[in-house]
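Read off the chains here:
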Amino acid sequence: MNRPAGHAIDQLAVCLDTHGPVILPALLLCDFGHLAREVSRLEEAGARALHLDVMDGRFVPQLTYGLVVVEAVRRAAKVPLEVHLMVDEPERTLADYAKAGADILTVHIEALADPRRTLDTIRSLGPRAHLAISPGTPLERVEPHLEHSDGVLVMSVEPGFGGQRFNPVALDKLRALDAIRSRTGGSFRLGVDGGIAIETVGAVASAGAELIVAGSAVIRAPDYSRAITELEQLARNAA
Ligand code: DX5
Ligand code: ZN
């Protein structure tokens with residue numbers, strides 16, 4: 001396992017607590033022919049963590065990449081990696097992704113037979129255990145498992161493709177989760193994924209999102225650094 005020295009995931013937590021929300025570029029639309037170069041460009045541009053979309057062609061229609069690419073990103077990256085598993089039966093591969101160097105393993109509540117068990121397994125393997133929830137899934141599905149989660153990734157698009165339009169249903173879920181967190185003294189992190197852009201990033205940050213995933217808004221921008229800085233500034237001003 002090539003997890004970065006100095007517990008990069010703990011540094012990320014300090015960064016969140018000190019400075020507020022961060023932008024996690026999603027690699028989905030990057031130039032996979034020059035993967036290591038893309039990772040370096042994103043890190044140099046100020047990315048504090050990266051988001052990797054693993055799709056199996058079953059849980060979602062598209063097939064993206066798996067372990068080999070996650071391992072390659074791990075070798076190239078110093079920052080923490082969130083691996084977003086859009087797959088059926090994620091339990092089968094958790095140990096492999098943990099070994100490949102995932103710092104956060106994010107599994108979909110819709111794909112889990114026994115969420116508590118899966119979350120406990122992830123934690124026992126080393127990574128943080130985050131639960132993702134799709135736009136059409138009611139929040140009640142994740143509520144019983146918050147105590148065993150290190151974070152919740154609220155999907156603001158249907159999982160499966162980059163470049164979709166933001167669905168505001170995510171804002172209600174973020175606000176509700178933020179309220180639960182304050183009420184219960186919970187320590188889970190709030191993330192959001194899908195359709196994040198200049199127009200939407202402030203709203204998700206003020207609704208409580210801290211780990212803000214941005215795919216096309218960064219990767220399709222001519223200047224990664226400008227895109228990340230601008231999104232992060234807007235998020236922090238709104239948080
Ligand atoms: C969608 C993925 C997202 C995607 C985000 O299924 O989970 O992470 O890459 O891309 P944008 O920011 O373009 O919606
Ligand atoms: Zn994602």
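See above for the structure.
Residues numbered from 1 in each chain as written. Chains lettered and ligands numbered in written order. Predicted model: local features only at pLDDT ≥ 70, side-chain atom pairs only at ≥ 80, totals over all residues. Heavy atoms only, no water.

### Brief notes about helix H1 (residues 8-19)
End to end, H1 covers 16 Å across twelve residues, agreeing with the expected 16 Å (1.5 Å per residue, within 8%). Ala8, Ile9, Leu12, Cys15 and Leu16 are the residues of H1 that are buried. The buried side chains of H1 occupy one side of the element, clustering within an arc of 110° when seen end-on. Away from its buried face, by an angle of more than 90 degrees, H1 presents the exposed residues Val14, Asp17 and Thr18. Packing partners of the buried residues in H1 comprise strand S1 (22-25), strand S4 (104-108), strand S5 (128-133), strand S7 (189-193), strand S8 (211-214) and helix H9 (224-238). Positioned one or two residues after H1, Gly20 has a phi angle of 95°, which is positive. (Helix = DSSP H or I, 4+ residues; strand = E, 2+ residues; numbered from the N terminus. Expected span 1.5 Å × (residues − 1). Buried < 20%, exposed > 50% of the residue type's maximum accessible area, 1.4 Å probe, protein only. Arc of directions from axis to C-beta. Contact = heavy atoms within 4.5 Å.)

### Concerning the packing of aromatic side chains
For the structure shown, the criterion picks out one aromatic pair. An angle of 45° between the planes, with centres 5.5 Å apart, marks the rings of Phe32 and Tyr65 as tilted. With Phe32 in the loop between S1 and helix H2 (35-44) and Tyr65 in the loop between strand S2 (50-55) and helix H3 (67-76), this residue pair connects regions lying 33 residues apart in the sequence. The ring of Tyr224 has Arg41 lying over it, and the distance from NZ or CZ to the ring centre is 3.9 Å. The ring centre of Phe188 lies 5.8 Å from the NZ or CZ of Arg181, which sits over that ring. (Phe/Tyr/Trp six-rings, centres within 6.5 Å; stacked < 30°, edge-to-face > 60°. Lys NZ or Arg CZ within 6 Å of the ring centre and 35° of its normal.)

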